[in-house]
Amino acid sequence: MLHFPDINTVGFPLGPITIHWYGLLEIISFVIATLWLIRRGKMPHWHWPKEQVVDLEFYVAVGAILGGRVGYIIWYNLPYYLSQPIKMLYIWDGGMSFHGGLLGVVLACWAFARSHKDHSFLPTLDFIAPAVPIGLGLGRLANFINDQLFGRVSHLPWAMVFPAGGPQPRQPSQIYEFLLEGVLLFLILAIYSRKPRPAGAIGGMFVLFYGIFRFVAEFARQPDIQLGFVFGPFTMGQVLSVPMIILGPVIIWWAYKGGFAESPSPAEPAASAKTLREH
């Protein structure tokens, strides 16, 4: 059995402002993802100028925050927020849903593609998808530092006593999710996207593998106290991940069948579509 390390959730004070590790790690993840995408944008089959990468990241950040908040309100704590509507605006008090954030990112990419005619919708999603696990991974580390979203009671050798989780040892599910949704998902998408792929295929890979990893990790994670188990032995996170596990392979299959009829970047000539489907 392990004990939760004595970590100060405050990263450092900056004059009258207190910088917490959660916010700091989110900022760091945004910077790392942007720099990585700028570098990858120079690859011939992407051809994304730096200015457009930064612009896309702004759209995505806004979409993720708004979608994540709305998703949490609807799926995880609707009665509470209906009774206190003003609290819906208190983003600093916590309460974000990944699945809602994902829908927000999809809408943000659609809005970006509408305002940038040289980039279409699905290739934009494909371009941003491999960078998302950077934010997911560091976000899970932030959850660990904040002593939140810990796992279920366990007597495994690496089970840990979390201060907010009572005296019993629990699984460090935040670390599991960091490794699965952060590290492993990043490696899968980064390697897969190094070659030209049909439009929608990379996004489909993200949807599939995130759904699988989240579904598995939820077996170790403590259900949300206000919800508990929502469908037999399954949590809300698992229920929301099932459509991703089903939809992901369909998107990939349709992409390779040429159903989306889009090239992965404007730099690719239309005549190369068949070649791309054969990779």
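If you're wondering where the values come from, they're calculated on a predicted model, not measured in any experiment.

Here we take up the packing of helix H1 (residues 21-40) against helix H2 (residues 50-76). Packed helices, taken two at a time, are described by the angle between their axes plus the distance between the axes. Running from N to C, H1 and H2 cross one another at 145 degrees; their axes reach a closest spacing of 9 Å. You can see that H1 and H2 cross each other, and the crossing is right-handed. Each of Phe30, Ala33, Thr34, Leu37 and Ile38 in H1 lies in contact with H2, whose residues at this interface are Lys50, Val53, Val54, Glu57 and Ala61. Counted by class, the contact of H1 with H2 contains seven nonpolar, one polar and two charged residues.

To continue, consider unusual backbone geometry. We note that histidine 47 has phi near 55 degrees; this positive angle belongs to a residue other than glycine. Here histidine 47 lies in the loop between H1 and H2. Although it is not a glycine, aspartate 147 adopts a positive phi angle of roughly 60 degrees.

The biggest cluster of nonpolar side chains holds 39 residues, and the ones touching the most others in it are Leu56 and Phe206. Broken down by secondary-structure element, the contributors of at least two residues to this core are H1, H2, helix H4 (98-115), helix H5 (121-128), helix H6 (132-145), helix H7 (173-192), helix H8 (201-217) and helix H9 (236-256). By residue number, the principal contributor to this core is H8, which donates eight residues. For leucine 56, the contacting residues outside a window of four places in its chain are Trp48, Cys109, Phe112, Thr124, Phe127 and Ile128. In this structure, Ile73, Tyr76, Met236 and Leu240 belong to the second largest nonpolar core, which totals six residues.

This paragraph deals with H9. The terminal C-alpha atoms of H9, which comprises 21 residues, lie 32 Å apart, in line with the 30 Å expected from a rise of 1.5 Å per residue. If you check which residues of H9 are buried, you get Met236, Gly237, Gln238, Leu240, Ser241, Met244, Gly248, Ile251, Ile252 and Ala255.

The next point concerns the packing of aromatic side chains. By the definition in use, this model includes 20 aromatic pairs. Centroid distance phenylalanine 219 to phenylalanine 234: 6.4 Å. Interplanar angle 65 degrees. Geometry classified as edge-to-face. With phenylalanine 219 in the loop between H8 and H9 and phenylalanine 234 in the loop between H8 and H9, the pair connects residues that are 15 residues apart, well separated along the chain. Exposure remark for phenylalanine 219: the relative accessible area of 41% places this residue in the partly exposed category. By relative accessible area, which is 27% here, phenylalanine 234 ends up partly exposed. Every member of this aromatic cluster is reached through a ring pair, and the members are Trp46, Trp48, Tyr59, Phe112 and Phe127.

Within the fold, isoleucine 73 resides in helix H2. Residue isoleucine 73 is classed as buried on the basis of its relative accessible area of 8%. Residues isoleucine 73 and methionine 88, 15 residues apart in the sequence, show an inter-C-alpha distance of 7.2 Å. What isoleucine 73 contacts, discounting residues up to four positions off in sequence, is Leu78, Tyr81 and Met88.

On to the environment of tyrosine 210. Its location among the elements puts tyrosine 210 in helix H8. Tyrosine 210 gets classed as buried once you look at its relative accessible area, which sits at 0%. In this structure, the C-alpha to C-alpha distance between tyrosine 210 and tyrosine 90, residues 120 residues apart in sequence, is 28 Å. If we skip the residues at most four places from it in the chain, tyrosine 210 touches Phe98, His99, Leu136, Arg140, Glu181, Leu185 and Met244. Within the structure, the side chain of tyrosine 210 is placed 2.8 Å from the side chain of arginine 214, a separation counted as a polar contact.

Reading guide: rules and limits
- Residues numbered from 1 in each chain as written.
- Predicted model: local features only at pLDDT ≥ 70, side-chain atom pairs only at ≥ 80, totals over all residues.
- Heavy atoms only, no water.
- Axes fitted to C-alpha atoms, helices over the stretch in contact; angles between N-to-C directions.
- Helix = DSSP H or I, 4+ residues; strand = E, 2+ residues; numbered from the N terminus.
- Left-handed = near helix turned anticlockwise from the far one by under 90°.
- Contact = heavy atoms within 4.5 Å.
- Nonpolar A, V, L, I, M, F, W, Y, C, P; charged D, E, K, R; others polar.
- Core = buried A, V, L, I, M, F, W, Y, C linked by side-chain atoms within 4.5 Å.
- Buried < 20%, exposed > 50% of the residue type's maximum accessible area, 1.4 Å probe, protein only.
- Expected span 1.5 Å × (residues − 1).
- Phe/Tyr/Trp six-rings, centres within 6.5 Å; stacked < 30°, edge-to-face > 60°.
- Polar contact = N/O pair within 3.5 Å; in protein donor to acceptor, adjacent residues only side chain to side chain.

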